[in-house]
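Commentary on secondary and tertiary structure
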Amino acid sequence: MRTRPASGTNARAPNRAPRRSPNTNARRSPRSHRLVGALIGLLTAGVALGVAQLAAGFVGGAAAPIVAVGETVVDATPEWLKNFAIRAFGSNDKLVLLIGIGVVLGVAAAALGAVCVRRPMAGVIGLLCLGGLGIIASLTRPAGGVADAIPSIAATAAGLIAYVGLRSAAGFSPVAWPAPGRRAAGTSSPRARPRAPAPDSRTGGLDRRRFLLAGVAAAAVAGASSLAGRYLIRRSIAAASRADVRIPTPTDIAPLPPRGANLGIGGLGPFITPNDRFYRVDTALFVPAVDAGDWRLRVHGMVDRDLTISYAELLDRPLIERDITLTCVSNPVGGPYAGNARWIGARLKDLLDEAGVRPGANQIVSRSTDGFTVGTPTAVALDGRDSMLAVAMNGQPLPLEHGFPVRMIVPGLYGYVSATKWIVDIELTTFAAFSAYWVRRGWSQQAPIKTESRIDTPASLATVPAGEVPVAGVAWAQHRGIERVEVRVDDGEWMPADLAAQDTVDTWRQWVYRWPATRGRHSLSVRATDDTGATQTPVESDPPPNGATGDHTIVVTVA
């Protein structure tokens, strides 16, 4: 038989939690709360600086608060201290200053975050003060304008949002925004306001999992916005650098394309492809932004002497101007990844002769600023064709998307073995010693461009009127030239097309076939024959491992 415990015994009711002092957790773990507060301060500062960097990417790099403050500090620094910094750190003196400012901000943010565990308004005041400092520094710069304050304003707003959100995730008391003309309950003086309580685990205060997720999100925002801002700033600097470039007049100027090189047929693209319509295929997620003033090209490896040249030194070399058609190996039959432009650059052979290529160096490995590698046969690059380090495209400095400040071009080879954009390094080596980026992924080491042709007009599946219909397009066989283009309607005979005037063997050639179209549904095919007498193969194959093959065929309806 069950009996009730006697009144006054020490027996404990089964569902009743032991009583604890309301401030047990606050007394037991004040250090952990301060550590969480310091982390909140650091994350808040990271978000604020990252957003400021991102905003500065749109407004201008000099508007970044840390840069504006740094420049203000430099201006206010005594001359003797500037001279000491230059002697001690050399050209890195500005970098050391920015790192120092960042360290001071980090320490201040952590300390302020720890204080804000019990004084949440101190964090708000601190953010407003730092934001105000950035605004003042931006506006008081010699070239400062109203727009330069935007990064500091954005940083302050983002910091406040992050601060409030992280405090909430940690279980800290919310920020109590003071109401004008009101005092805290139970106080007789503004100085008698109570401190905010620390989080209490008994009441679900410090939620580690929730705070961890919020902290990771804040760190991601800080990192992503900072990286994006840095990229935008570098791109702005690179664009300004490009705008300042003046390409010298080439010592070897290309003649104008001959009359009749451009047929001027509707639907057929121009003989020279405009820069903004030129295809772009590369592995860069973001277009590399390179300042021409900082650009250097190193030539090394199996050479008699290493060379390093600047952009200005490259422009001082004899320059050539040439019309050259480029083609990507990924281009499907009839695809758009081919374009013709007028390039200006320094001869690659002259530079390599100056370095002295050693016997056995059968591969030129060129590297882009983003680490991409290209392997070019040395013999092909030096066989007399117009291989160059290009600096201009259609009369303008290279667009950023097409390799500014310098790219390599070797006529007659697919781009993945010849056309390195944003080039910064050339190494003479062997094919046995090194496999370039796409070769390691199964593409061929040797990749001369195949003889190909395509139909540009009429478009596939188009409806055209009966009568004479111009069927037109382009054909290419770089460094061999195009001798003949033929068109076949349905399963009929191959009929010769009229060729436009040939510019050089390194450019594509337009063609047109005047088709007497009859009503019905028809297929149209094209094939080209190069100057060696080789006709493109009708056997269809995909681009891997060294270029697509097959006759380009479309279907049209004649109404």
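What comes next concerns the included structure. (Residues numbered from 1 in each chain as written. Predicted model: local features only at pLDDT ≥ 70, side-chain atom pairs only at ≥ 80, totals over all residues. Heavy atoms only, no water.)

Read across the sheet, 4 strands follow the order β11-β13-β17-β16 without closing on themselves; strand pairing throughout is antiparallel. Since the sheet does not close on itself, it has two edges, and those belong to β11 (452-457) and β16 (498-499), each with one partner. (Pairing = 2+ DSSP bridges. Helix = DSSP H or I, 4+ residues; strand = E, 2+ residues; numbered from the N terminus.)

Moving on to the environment of T251. Position of T251 among the secondary structure elements: in the loop between α8 (208-244) and β1 (296-301). The sequence separation of T251 and L319 amounts to 68 residues, and the corresponding C-alpha distance is 5.6 Å. Ignoring anything within four residues of it in the chain, the contact list for T251 reads P318 and L319. (Contact = heavy atoms within 4.5 Å.)

Here the focus is the pairing of strand β5 (residues 363-368). Of all 6 residues in β5, 5 are buried; the element is thus mostly enclosed. Pairing between β5 and strand β6 (residues 373-377): 5 bridges, direction antiparallel. Considered in β6, the bridge of Q363 is made with P377. (Buried < 20%, exposed > 50% of the residue type's maximum accessible area, 1.4 Å probe, protein only.)

As a further point, take empty space enclosed by the protein. Counted by the stated rule, this structure contains 2 cavities of 30 Å³ or more. One number sums up the size of the largest cavity: a volume of about 80 Å³. In terms of lining, the largest cavity is formed by T327, C328, N331, P332, V333, G334, Y414, E452, S453, W476, G547 and A548. Counted as a void, the second largest cavity has a volume near 40 Å³. Contributing to the lining of the second largest cavity are Q363, G375, Y416, V417, F431, A436, W438, V439 and Q445. (1 Å grid on protein atoms, 1.4 Å probe; cavity = no way out; pocket = protein on both sides within 12 Å on 5 of 7 lines; lining within 4 Å. Points joined across faces, edges and corners; volume = space filled by probe spheres on them.)

What follows covers the packing of aromatic side chains. Under the defined criterion, the tally for this structure stands at 9 aromatic pairs. Residues W295 and Y311 carry aromatic rings whose centres are separated by 6.3 Å and whose planes lie at 85° to one another, so their mutual orientation is edge-to-face. In this pair, W295 is assigned in the loop between α8 and β1 and Y311 in helix α9 (residues 311-316), connecting sequence segments 16 residues apart. An aromatic cluster of three or more residues is present, and its members are F372, Y416, Y437, W438 and W443. For the cation-ring pair, R367 lies above F434, with the distance from its terminal atom to the ring centre recorded as 5.3 Å. (Phe/Tyr/Trp six-rings, centres within 6.5 Å; stacked < 30°, edge-to-face > 60°. Lys NZ or Arg CZ within 6 Å of the ring centre and 35° of its normal.)

As a further point, take α8. Relative to the 54 Å expected for 37 residues at 1.5 Å per residue, α8 spans 53 Å between its end C-alpha atoms, a close match to the ideal helical length. On its buried face, α8 is in contact with α2 (30-59) and α7 (150-170). (Expected span 1.5 Å × (residues − 1).)

Look at α7 against α8: their axes get within 8 Å of each other, and the N-to-C directions meet at 160°. Taken as axis vectors, α7 and α8 run roughly antiparallel relative to one another. Relative to α8, the crossing made by α7 is left-handed. Of the residues in α8, those in contact with L166, S168, A169 and A170 of α7 are R210, F211, A214, G215 and A218. Residue composition of the contact of α7 with α8, by class: 6 nonpolar, 2 polar and 1 charged. (Axes fitted to C-alpha atoms, helices over the stretch in contact; angles between N-to-C directions. Parallel < 35°, antiparallel > 145°, perpendicular 65-115°, else oblique. Left-handed = near helix turned anticlockwise from the far one by under 90°. Nonpolar A, V, L, I, M, F, W, Y, C, P; charged D, E, K, R; others polar.)

Taken together, the 5 strands give an open sheet; going across it, the order is β12-β19-β18-β14-β15, and neighbouring strands pair in mixed fashion. The open sheet has two edge strands with one neighbour each: β12 (463-464) and β15 (495-496). Summarising the sheet, strand β18 (residues 520-530) and strand β19 (residues 552-558) pair through 7 bridges and their orientation is antiparallel. Note on β19: the bridge partner recorded for S523 is V555.

Along strand β10 (residues 423-429), 5 of the 7 residues are buried, which leaves the element largely enclosed by surrounding structure. Of the strand pairs in this sheet, β5 and β10 are connected by 6 bridges, and their pairing is antiparallel. Residue Q363 lies in a different strand from β10, and its bridge partner there is T429.

Glancing now at a nonpolar patch on the surface. Taken together, the side chains of F58, V59 and I150 make up a nonpolar region of the molecular surface, amounting to roughly 300 Å² of accessible area. In this structure I150 comes out as partly exposed when scored by relative accessible area, which is 42%. (Patch = residues over 30% accessible without salt bridge, like charges linked within 9 Å, V, L, I, M, F, W, Y side chains within 5 Å. Areas by Shrake-Rupley, 256 points an atom, 1.4 Å probe, with all protein chains shown as cover. Salt bridge = Lys/Arg side-chain N within 4 Å of Asp/Glu carboxyl O.)

Counting 71 residues, the largest nonpolar core has Y311, W343, L389 and I426 as its most contacted members. Of the residues forming this core, the biggest block, 6 residues, is contributed by strand β7 (residues 388-393). In contact with L389, other than residues within four places in its own chain, are L297, L314, I344, G345, A346, L348, L351, V406, R407, M408, I423 and I426. Counting 21 residues, the second largest nonpolar core, distinct from the first, contains V464, V485, L524 and I554. (Core = buried A, V, L, I, M, F, W, Y, C linked by side-chain atoms within 4.5 Å.)

Turning to the pattern of salt bridges, a few remarks are in order. Enumeration according to the criterion identifies 21 salt bridges in this entry. Close ionic contact of D425 with R367 constitutes a salt bridge, the shortest N to O distance being 3.3 Å. Taken together, the residues span a long stretch of sequence, with D425 in strand β10 and R367 in strand β5 at a distance of 58 residues. Judged by relative accessible area, which is 22%, R367 ranks as partly exposed. When salt bridges with common partners are traced through the structure, they connect D252, R322, R347 and D386 into a single cluster.

For the rest of this paragraph, the subject is α7. Taking 1.5 Å of rise per residue, 21 residues should cover 30 Å, and α7 covers 30 Å from first to last C-alpha, within 8% of that figure. Looking only at α7, the buried set comprises P151, S152, A155, T156, A158, G159, A162, Y163, L166, R167, A169 and A170. Following α7 by one or two positions, G171 has its phi on the positive side, about 85°.

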